[in-house]
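Letter by letter, the chains look like this.
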Amino acid sequence: MLSFAHPWVVLLAPLPLLVWFALPAHAERRAGLRVPFFDRLARLSGQQPYSGGVVARRHLGRLLVLALVWLMTLAALSRPQWIEPPLHRDVPTRDLLVLVDLSGSMDTKDFVDASGKTVDRLTAVKQVLDDFLSRRKGDRVGVVVFGDAPFALVPFTTDLELCRAMLRDTDVGMAGPRTAFGDAIGLGIGLFAKSTVKARTIIALTDGNDTMSKVPPAEAARVAKDKGIVIHTVAVGDPQAAGEDKLDEAALKEVADTTGGGFFRALDRTQLADIYRRLDEIETRHIDTVSFRPRRDIFWVPIAAMLVLTMLAQSLFIWRRHRRSPAPEPQAIAGAPR
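First things first, this report covers the structure right here in the doc. Please read all numbers here as calculations on a predicted model, not as lab measurements.

Evaluated as defined, the whole model comprises 9 salt bridges. Because the salt bridges share partners, they merge into one network encompassing Asp130, Glu161, Arg164 and Arg168.

Next comes the structure, spelled out in structure tokens:
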């Protein structure tokens, strides 16, 4: 579709007519040459002499060309634009951060995968998380892994394939053998610092209690609440375990309750998959779609047309003048036969 950025330029179209009728005609004086043999010169030239002023008349074709050139100039100044078909882009409406425990206890093989094979906890978590992330269209997703210390594996991005690929490459113990859950929440809060969306969510998966954090999980949860961050905690450990591998359900419940999130317990892969289905229901996705139509400037089209028109008109006038000019008569050469 064609549009003009400055359509008001068309109001200048009558300006040449205003100049034509309002301003006086251009007058020019030329010096004459007096000769005693004027009559003879007039006869030889074939011109009929007359007295008085001469009013130059512009050729109709030239006037038409000038009018078209003026209209094309106005067309270029009005900045014509060709509006392309609309493009649609989905705008993220929520930032979702996944905290994944990579401590040594995640190597425990007490989960069964979809094929019936016994796998470790981390493998089960990655399998279910992969399916969960594949359905997060409309979200910006980030991944933080933690053990002795937390590390940002993937910053917030809409590239869900990147998140899934990086998560598949994680391994037990790569962040240390122990659990720094509170510090992982603290790192997550820092990653949300530049977030501009209203919905901010953390999903934390761990199978042990906090043994390494400088900031207790409860204190980190209170800071997250002040920042408007909701934390859902998922316990994948054995509640009957003892020592450092013992699951601190009370701490996970406190973190979830403080921020307005939910606490979930997954003792097998089926429960874990059911948790993500419930999170899908809780964390409904609202996708904002922005539509815009690109504009392409085509002011060069009337300029190019004006250039071609003037060149053709000038060539035509030169050709007609050349045709009308009389050919010189051949002169006799002295001594040559006639």
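Counting residues in each nonpolar core, the largest one holds 32 residues, and the members touching the most others are Val100, Leu129, Leu205 and Leu272. The dominant element in this core, judged by the number of residues it contributes, is helix H4 (residues 121–133), at 7 residues. Setting aside residues no more than four positions away along its own chain, Leu205 makes contact with Val98, Leu99, Val100, Asp101, Val125, Leu129, Phe146, Val234, Leu272 and Tyr276. Among the nonpolar cores identified, the runner-up in size contains 21 residues, and Leu99, Ala221, Ala224 and Ile229 belong to it.

Bringing the sheet that holds strand E1 (residues 2–4) into the picture now. On the basis of which strands lie adjacent, the open sheet formed by 3 strands has the order E1-E2-E13 and antiparallel pairing. Single-partner strands in this sheet number two, and they are E1 and strand E13 (295–297). This sheet shows a mean twist of 35° between the axes of neighbouring strands, independent of strand direction. Inspection of the sheet shows E1 paired to strand E2 (residues 80–83) by 3 bridges, in the antiparallel sense. Its bridge partner lying in E2, Leu2 is registered against Trp82.

Let's shift gears to the pairing of strand E9 (residues 199–206). Within E9, 7 of the 8 residues are buried, which leaves the element mostly enclosed by the surrounding structure. Here 7 bridges tie strand E4 (residues 94–101) to E9, and the two strands are oriented parallel to one another. Within the sheet, the bridge partner assigned to Val98 lies in E9 and is Ile203. For the handedness criterion, the β-α-β arrangement of E9, helix H7 (residues 217–226) and strand E10 (residues 229–235) is classed as right-handed.

Conventions used here
- Residues numbered from 1 in each chain as written.
- Predicted model: local features only at pLDDT ≥ 70, side-chain atom pairs only at ≥ 80, totals over all residues.
- Heavy atoms only, no water.
- Salt bridge = Lys/Arg side-chain N within 4 Å of Asp/Glu carboxyl O.
- Core = buried A, V, L, I, M, F, W, Y, C linked by side-chain atoms within 4.5 Å.
- Buried < 20%, exposed > 50% of the residue type's maximum accessible area, 1.4 Å probe, protein only.
- Helix = DSSP H or I, 4+ residues; strand = E, 2+ residues; numbered from the N terminus.
- Contact = heavy atoms within 4.5 Å.
- Pairing = 2+ DSSP bridges.
- Axes fitted to C-alpha atoms, helices over the stretch in contact; angles between N-to-C directions.
- Right-handed = clockwise from strand over helix to strand, strands pointing away.

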